[in-house]
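Examination of the molecular architecture
One letter stands for each residue in the lines below.
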Amino acid sequence: MLSEISISNNISELRKKIAQIRWELDELGDPVQEIPEMITSSNLLRSNEFLLKSDAKKTVLLSIYAQYSESMEQLLSSVFEIQNDLKNILTEQSSMIKSKPKSKPKSKPKSKPKSKPKSKPKSKPKSKPKSKPKSKPKSKK
């Protein structure tokens, strides 16, 4: 995983270098035009100087592009490895699901109430009131 992070950082740095060198090449401008007042040899020297600078920048640019493409290939290979690992994990999990025996659900009551009964507050069950002993009728004295 760390190598992938370093590859990503490397790619970012290479992109910056590529942009910088392209900018420098653009700054060189177009090839030098011959100036009629100058001697042919001085025109050739100016043209040669421009070509040397341009070729040096292009050589560096090609080198960085080679590094960039190598880093991209490494990154792409890591992505394919991860993809393959994920594919293997999925096949293992699907085979585990297929081979797992189905367990029978616990028996459930055949009829279910249509609505849940409201919960009653928890209290001691009421007992039947004790019947009072019948009092004897008072006798008249």
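Scroll up to find the structure this text is about.
Residues numbered from 1 in each chain as written. Predicted model: local features only at pLDDT ≥ 70, side-chain atom pairs only at ≥ 80, totals over all residues. Heavy atoms only, no water.

Points about the overall build of the protein
For clarity, the threshold we go by: Elements are defined by DSSP. Helices are runs of H or I of four residues or more, strands are runs of E of two residues or more, and each kind is numbered from the N terminus. For the exposure calls, accessible area comes from a 1.4 Å probe over protein chains only, and a residue counts as buried if that area is under 20% of its type's maximum, exposed if over 50%, partly exposed in between. Should any heavy atoms of two residues lie within 4.5 Å, those residues are counted as being in contact. Areas reported here follow the Shrake-Rupley algorithm with a probe of radius 1.4 Å; residue values treat only the protein chains shown as occluding.
The helix and strand tally for the protein stands at 2 helices and 0 strands. The 141 residues of the protein split such that 11% are buried. Expressed as a percentage of contacts within the protein between residues at least 6 apart in sequence, the contacts between residues at least 24 apart total 76%. Surface accessibility of the protein: about 14100 Å² in total, with carbon and sulfur atoms responsible for 59%.

Topic: a nonpolar patch on the surface
As a reminder of what qualifies: What makes a patch is a set of residues exposed beyond 30% relative accessible area and free of salt bridges, joined within 9 Å when like-charged and within 5 Å when nonpolar (Val, Leu, Ile, Met, Phe, Trp, Tyr). Throughout this description, the term salt bridge denotes a Lys or Arg side-chain nitrogen within 4 Å of a carboxyl oxygen of Asp or Glu.
A cluster of nonpolar side chains, contributed by Leu76, Val79 and Phe80, occupies part of the molecular surface with about 280 Å² of accessible area. Summarising the element assignment, Phe80 is placed in helix H2 (residues 40–99).

Side note on the environment of Ser12
Take Ser12: it is sitting in helix H1 (residues 2–28). On the accessibility criterion, Ser12 (33% relative accessible area) is partly exposed. It is 9.1 Å that separates the C-alpha atoms of Ser12 and Tyr68, two residues lying 56 residues apart in sequence.

Quick notes on the nonpolar core
Most often, soluble globular proteins have nonpolar side chains that are buried together. Put simply, the test is: The criterion is simple. A nonpolar core is a set of buried Ala, Val, Leu, Ile, Met, Phe, Trp, Tyr and Cys residues joined through side-chain atoms within 4.5 Å.
Formed by Ile7, Ile11, Leu14, Ile18, Ile21, Leu25, Leu61, Ile64 and Tyr68, the largest nonpolar core amounts to 9 residues. Elements that contribute at least two residues to this core include exactly H1 and H2. For this core, the element with the most residues is H1, which contributes 6 residues. What Ile7 contacts, discounting residues up to four positions off in sequence, is Ser71, Gln74 and Leu75.

Examining the pattern of salt bridges
As enumerated under the stated definition, the model contains 2 salt bridges in all. In this structure, the salt-bridge partner of Lys57 is Glu24, at a minimum N-O distance of 2.3 Å. Here Lys57, found in helix H2, pairs with Glu24, found in helix H1; they are 33 residues apart in sequence, far enough to count as distant. For Lys53, the salt bridge goes to Glu49, with nearest N and O atoms at 3.9 Å. With a gap of 4 residues between them, Lys53 and Glu49 both fall in helix H2, about one helical turn apart. By relative accessible area, which is 44% here, Lys53 ends up partly exposed.

A look at H2
Defined as follows: For a helix, the expected span equals 1.5 Å multiplied by the residue count minus one.
Between the first and last C-alpha of H2 there are 87 Å, a value that for 60 residues agrees with the 88 Å anticipated at 1.5 Å per step. Every buried residue of H2 is listed here: Ser42, Asn43, Phe50, Ser54, Leu61, Ile64, Tyr68, Ser71 and Ser78.

Things to note about the side chain of Asn43
Turning to its location among the elements, Asn43 is positioned in helix H2. For Asn43, the residues in contact, after removing those within four places along its chain, are Glu34, Ile35 and Met38.

Remarks on the side chain of Ser71
Residue placement: Ser71 occurs in helix H2. Taking the relative accessible area as the measure of exposure, Ser71 reaches 4% and is therefore buried. Not counting residues within four places of it along the chain, the set of residues in contact with Ser71 comprises Ile7, Asn10, Ile11 and Leu14.

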